[in-house]
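# Working through the structure, step by step
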Amino acid sequence: MREYKNFIDGRFVEGPEAFADIDPATGRQVAWVHEADAGLVDRAVASARAALEGAWGRSTVAERCSLLRRVADEIDRRADDLLAAEVADTGKPEAGARALDVARAAANFRSFADIMAAEGVESFLQDLPAGQQALNYALRKPLGVVAAIVPWNLPLLLLTWKVAPAIACGNAIVVKPSEETPGSATVLAEILDAAGVPSGVYNVVHGFGAGSAGQHLTTHPDVDGVTFTGSTATGAGIMRAVAPRVRPVSFELGGKNAAVVFADADLDETIAGLTRSIFANTGQVCLCTERVYIERPIFEEVSARLVDAAQKLRLGAPADPATTTGPVISHGHQQKVLDYVELARRSGATLLTGGEPATVGDELAGGFWVEPTLWTGLGNDDRVMREEVFGPVAGLVPFDTESEAVALANDTDYGLAAAVWTTDLRRAHRVAGRMEVGIAWVNTWFTRELRSPFGGFGLSGVGREGGRHSLDFYTETTNVCVAL
Ligand code: NAD
Ligand code: 6OD
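By convention here, each chain's residues receive numbers from 1 onward along its written sequence. Chains carry letters and ligands carry numbers; both start at the beginning, A for chains and 1 for ligands, and go up in the order they are written. Note on the predicted model: pLDDT of at least 70 is required for a residue's local features to be given, and 80 or more for side-chain atom pairs to be given and counted; whole-chain, interface and lining totals, by contrast, use all residues. Side-chain measures were taken over the full set of non-hydrogen atoms in the model, leaving aside hydrogen atoms and water.

### Brief notes about the domain arrangement of the protein
In terms of domain boundaries, the protein breaks down into domain 1 (2–253 + 458–483) and domain 2 (257–413 + 417–442). For domain 1 versus domain 2, the separation of C-alpha centres amounts to 31 Å. The term salt bridge refers to a side-chain nitrogen of Lys or Arg lying within 4 Å of a carboxyl oxygen of Asp or Glu. Where domain 1 packs against domain 2, one counts 1 salt bridge. Here E363 ties to R28 by a salt bridge, and the two come within 2.7 Å at their closest N and O atoms. We define a polar contact as two N or O atoms separated by no more than 3.5 Å, with the added condition that, inside protein, one atom must be a possible hydrogen donor and the other a possible acceptor, whereas residues neighbouring each other in sequence contribute only through side-chain atom pairs. Run the count over domain 1 and domain 2 and you get 8 residue pairs in polar contact (both at pLDDT 80 or more). Domain start and stop positions are those given by an automatic or database domain assignment.

### Describing the site of ligand 2
Every residue near ligand 2 is listed here: R104, N153, L154, L157, L158, W161, V285, C286, F446, R448 and F454. For ligand 2, an oxygen atom lies 2.8 Å from a polar atom in the side chain of R104. A distance of 2.6 Å is found between an oxygen atom of ligand 2 and a side-chain nitrogen or oxygen belonging to R448. Contact with the protein chains hides 99% of the accessible area of ligand 2, taken as 300 Å² for the molecule alone. A per-element tally of the shell around ligand 2 places helix α5 (residues 155–168) first, with 3 residues. What makes a residue near a molecule or strand is one non-hydrogen atom of that residue sitting within 4 Å of it. Note on areas: Shrake-Rupley with a 1.4 Å probe; residue coverage comes only from the protein chains shown. Per the convention used, a helix needs a DSSP run of H or I reaching at least four residues, while a strand needs a run of E reaching at least two, with both numbered from the N terminus.

### Notes on the environment of P177
Within the secondary structure, P177 sits in the loop between β9 (172–176) and α6 (183–195). For P177, a relative accessible area of 5% gives the class buried. On a C-alpha basis, the gap between P177 and W152 in space is 7.6 Å, while along the polypeptide they are 25 residues apart. Residue contacts follow a heavy-atom distance rule, with two residues in contact if any of their heavy atoms lie within 4.5 Å. Sequence-distant contacts of P177, that is, excluding residues within four places in its chain, are made with V150, P182, A185, V204, V205, H206 and G207. Exposure categories follow from relative accessible area, calculated using a 1.4 Å probe and restricted to protein chains: below 20% of the type maximum is buried, above 50% is exposed, and the middle band is partly exposed.

### Digging into helix α3 (residues 79–90)
Taking 1.5 Å of rise per residue, the 12 residues of α3 would be expected to cover 16 Å, and the 16 Å separating its terminal C-alpha atoms lies within 8% of that figure. With 9 of its 12 residues buried, α3 lies for the most part within the structure. Positive backbone phi, approximately 75°, marks G91, located one or two places after α3. Here a helix's expected span is defined as the number of its residues, less one, multiplied by 1.5 Å.

### Concerning unusual backbone geometry
In this model, V246 sits at a positive phi of 50°, which is unusual for a non-glycine residue. Take V246: it is sitting in the loop between α8 (232–242) and β12 (249–252). Positioned with a positive phi, N281 is a non-glycine residue whose angle comes to about 55°.

### A word on the packing of helix α4 (residues 94–118) against helix α14 (residues 467–474)
Whenever a helix is involved, its axis is fitted only over the stretch in contact; in every case the axis is a line through C-alpha atoms, and angles between N-to-C directions fall within 0 to 180 degrees. One can describe the packing of α4 onto α14 by two numbers: an axis separation of 10 Å at closest approach and a directional angle of 75°. One finds that α4 runs roughly perpendicular with respect to α14. Packed against α4, whose contacting residues are F112, I115 and M116, the element α14 presents G467, R468, S470 and L471 at the interface. Per-class residue counts for the contact of α4 with α14 are 4 nonpolar, 2 polar and 1 charged. Put simply, angles under 35 degrees are roughly parallel, angles over 145 are roughly antiparallel, angles from 65 to 115 are roughly perpendicular, and the rest are oblique. Charged residues are taken to be Asp, Glu, Lys and Arg, nonpolar residues to be Ala, Val, Leu, Ile, Met, Phe, Trp, Tyr, Cys and Pro, and polar residues to be all remaining types, Gly included.

### Points about the pairing of strand β13 (residues 257–261)
With 5 of its 5 residues buried, β13 lies for the most part within the structure. Where burial is concerned, the two faces of β13 agree: the one with N257, A259 and V261 and the one with A258 and V260 are both buried. In this scheme, strands are said to pair when DSSP sees at least two bridges between them. One ladder, built from 5 bridges, connects β13 with strand β14 (residues 289–295); its direction is parallel. Its bridge partner lying in β14, A259 is registered against V292. When the strands point away from the viewer and the path from the first strand over the helix to the second turns clockwise, the crossover is right-handed. Regarding topology, helix α9 (residues 267–279) serves as the crossover connection from β13 to the parallel β14, and that connection is right-handed. Of the strand pairs in this sheet, β13 and strand β18 (residues 417–421) are connected by 4 bridges, and their pairing is parallel. The partner of A258 across the bridge, within β18, is A418.

Laid out in structure tokens, this is it:
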């Protein structure tokens, strides 16, 4: 049985208690996880502070960029170990996890090395009265001790999306992975250590949220900023907890994302794209589509083809190369997704496919499986069309005009992502630009340029990360003004 310990000041540390880590594909325990109590969180924050006050605090950009590249190389070398940990915790199909989650981890480190190395100093020459001038230049400094709270859906991808820019900017970080997925953050500790990241710069505390490591960390008085990715409800609670200390925060929260399909769309491309955007990672990507608006003349055809594509997905063992779709993360989450399907039924939906726990053979019988599910017959007033389900489900809705489609897509309290499917160039730009979301894709989905801004409107979050936008969160700026 694996054992995941906390990583504090360069050493693995046991907690006073341990909890079970469950493989959602089988429902069986795969590891014991050492929970950090308040004392261990204190030690992790203190070790991060000590690193900042030591040699790490004097590290140069060039040194840190080289370090990030060594980390990326070490991730490539340890790819199999990261993959094994991630798959055991999530039940994801291995091939997809290798291509996306593990590859993105290395890419995150390389990308932030490139971005940091290219970063200049903002400066303004200012005219003063009587012909005098002043030179202004903005110095970026590390934010300090950063607390990072990470969810379970893309644990390694989202963790490294925070750790890489934090290190690039010279911070020290304490991460609290999800209790559901403690593995990859722990393996990453070994990787960072082997690549030469100094003790105290990367710390891991394991545990839960309220009353556990998550709360101890986000409310810790010596934390200088909090970056959180997770649900809107949890994020709102953390906002309240951090507010009295007025610390910088970054919140990447939930979504209820729309796709808009026009009658002129290339339907082969659209069906393939929608199948990914609804069912990728078993619908457990914050960017996944849960509302599909389809122009009426093609509504029946698109619905039928989507049902066919959903029924062709192969739920199965992660190691089987034919598997396209894994389980949902936990028994509790399976129940939540099925409760939403039941709510859809009670609201008058017509189930087109799915809607039940899936059976996938004896070996996986204890796992948390949900059939890929599509329904029609509901509108934006129905609760299940407004709240994030975060599972392999979507509602299909017809529309008649472009302006109606834009209004329907934007009629949400969230604002993370949208996808527009059309071959009309002018309409593509027009409609994408009107989407009230952080990312509007046209004829694609989850195509990520790591230098581009990432974040959400409304309930989907506060702030932007990605490329130089991440530097704005992970640094404080001093403007120096010199009268010449
Ligand atoms: P969650 O909010 O339940 O948990 C996220 C993390 O917060 C976990 O590590 C959890 O232990 C921790 N936590 C919970 N309560 C806490 C507290 N009181 N104090 C400190 N930490 C606490 O979310 P989840 O179920 O793990 O993830 C799914 C959610 O995350 C979905 O809503 C999804 O949309 C969202 N998400 C958003 C993005 C994005 O980039 N916008 C990316 C991935 C996931
Ligand atoms: O691709 C990314 O950088 C990113 N933050 C993805 C988030 C996915 C949400 O589940």
